[in-house]
Structure formats: structure tokens, C-alpha cells
Amino acid sequence: MPDPGNQDTEGQDTKGQPDIASAAFFGLCPRCGARTLFDGVAKFAPRCRACALDLAQFNVGDGPAAFLTLIVGAVVAVLAIWLQLSVEPPFWVHALLWIPFTTALVIGGLRIAKAWLLGAEYRRRAGEGRIKDE
Ligand SMILES: [Zn+2]
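### Structural notes on the overall build of the protein chain
For the protein chain, the count of helices and strands is three helices and zero strands. Counting helices and strands in the order they occur from the N terminus, the protein chain gives α-α-α. Here the contacts in the protein chain between residues at least 6 apart in sequence split such that 46% fall between residues at least 24 apart. In the structure as shown, the protein chain presents an accessible area of about 8600 Å², 65% of it carried by carbon and sulfur atoms.

### Observations concerning the packing of aromatic side chains
Overall, the coordinates contain three aromatic pairs when judged by the stated rule. Centroid distance Trp98 to Phe101: 5.5 Å. Interplanar angle 75°. Geometry classified as edge-to-face. Here Phe101 and Trp98 lie together in helix α3 (residues 91–133), a separation of three residues that amounts to about one turn. Assessed through its relative accessible area of 13%, Trp98 is described here as buried. Taking relative accessible area as the criterion, Phe101 reaches 32% and is therefore assigned partly exposed. The cationic tip of Arg111 hangs over the ring face of Phe38; the distance from NZ or CZ to the ring centre is 4.2 Å. Between the NZ or CZ atom of Lys114 and the centre of the ring of Phe44, over which it lies, the distance is 5.1 Å.

### Here's the deal with the coordination of the zinc ion
A metal bound by six donors in octahedral fashion has ideal angles of 90 or 180 degrees, whereas one bound by four tetrahedral donors has an ideal angle of 109.5 degrees. Within the protein, the zinc ion binds to Cys29 (SG), Cys32 (SG), Cys48 (SG) and Cys51 (SG); these donor distances fall in the range 2.2 to 2.3 Å. Each of the four donor atoms bound to the zinc ion contributes to angles spanning 107 to 112°, and the resulting shape is tetrahedral. Going along the chain, you hit the donors of the zinc ion in the pattern C-x2-C-x15-C-x2-C. Taken together, the residues span a long stretch of sequence, with Cys32 in the loop between α1 (20–26) and α2 (63–87) and Cys51 in the loop between α1 and α2 at a distance of 19 residues. Judged by its relative accessible area of 23%, Cys51 falls in the partly exposed class.

### Description of the confidence of the model for the protein chain
When pLDDT is averaged along the protein chain, the result is 83; 81% of the residues meet or exceed 70. Of all helices and strands in the protein chain, the one with the weakest mean pLDDT is α3 (84), whereas α2 scores best (91). Here residues 1–12 is a poorly scored stretch, pLDDT under 50, and it has nine contacts once near neighbours within four places are set aside; other chains count.

### Overview of the pattern of salt bridges
Scanning the entire structure with this criterion turns up one salt bridge. Between Asp39 and Lys43 there is a salt bridge whose closest N-O contact spans 3.7 Å.

About the thresholds
Residues numbered from 1 in each chain as written. Predicted model: local features only at pLDDT ≥ 70, side-chain atom pairs only at ≥ 80, totals over all residues. Heavy atoms only, no water. Helix = DSSP H or I, 4+ residues; strand = E, 2+ residues; numbered from the N terminus. Contact = heavy atoms within 4.5 Å. Areas by Shrake-Rupley, 256 points an atom, 1.4 Å probe, with all protein chains shown as cover. Phe/Tyr/Trp six-rings, centres within 6.5 Å; stacked < 30°, edge-to-face > 60°. Buried < 20%, exposed > 50% of the residue type's maximum accessible area, 1.4 Å probe, protein only. Lys NZ or Arg CZ within 6 Å of the ring centre and 35° of its normal. Donors = N, O, S within 2.8 Å, 3.2 Å for Na, K, Ca; no water. Tetrahedral: all angles 85-135°; square planar, octahedral: opposite > 155°, others 65-115°. pLDDT = per-residue confidence, 0-100. Salt bridge = Lys/Arg side-chain N within 4 Å of Asp/Glu carboxyl O.

Shown next as C-alpha cells:
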């Protein structure tokens, strides 16, 4: 969804820009809003297939990965302990439940975190460019 509040001052380059939250959640290109940001499970495409924005220039890095693993680890540990104390399931229930759950949470969280960072970086650069143009 475009943000109606900042359309008056923006040029053609930022037309159709998705807001950063939906861009992060759905893996949208920060410039054109096409769903082209990801090439693999949590890997960026080298460039946008719709508007040819060079995505390789944004070096988001693996900074969010360690942070995210800590959060996911804490969440899963709390849930596993809670399940053990309340239901006392056999061990294989834990294995069956937490391995896919953890994987999904890490991959999903990583996609959102990386897309969010890329979107923020794109906007920051666009903002700097606008200021210099004036
Ligand atoms: Zn694009």
C-alpha cells in the first residue's frame, strides 16, 4: 500500500513504493513494490526483476541472524518448557514440534529482518539523494 502522506514531494523514482512493513513481510522491492526481493529462502535476488533495481548494492549482511537466533531460541525454550510441564509429552513430540517450528521461525524472521533493513537502507539513500538535489 502506498503511503498517502508523502506523495507530494516525491519524484517518479519513488512512485508506487510500498510501505516498509509490508515490504518486509512480503519481500517486496523497495522501489517498485513487486514481489521480487527474494531469490531463495532467505537470499536476496541480485536485482529486481520488475524495475532492475540493483539489490546487490545493499549490504545488509548477517547481522540480524545472530540476534534473531537468540530471540527464537528463547521463545522456543520457554514454549518447550511450558509444554513439558503442562502436558509432559514423550520426547519425540518435542523433536517433531520444535525442529520445524524453529526452522520456520528463523527463516521467516530472517526474511523479514533482512527485507526491513534493505528497505530502510534504500529509503535512507533516496532521502540523501533528494537533499543533495535541492
Ligand atoms: Zn523493483
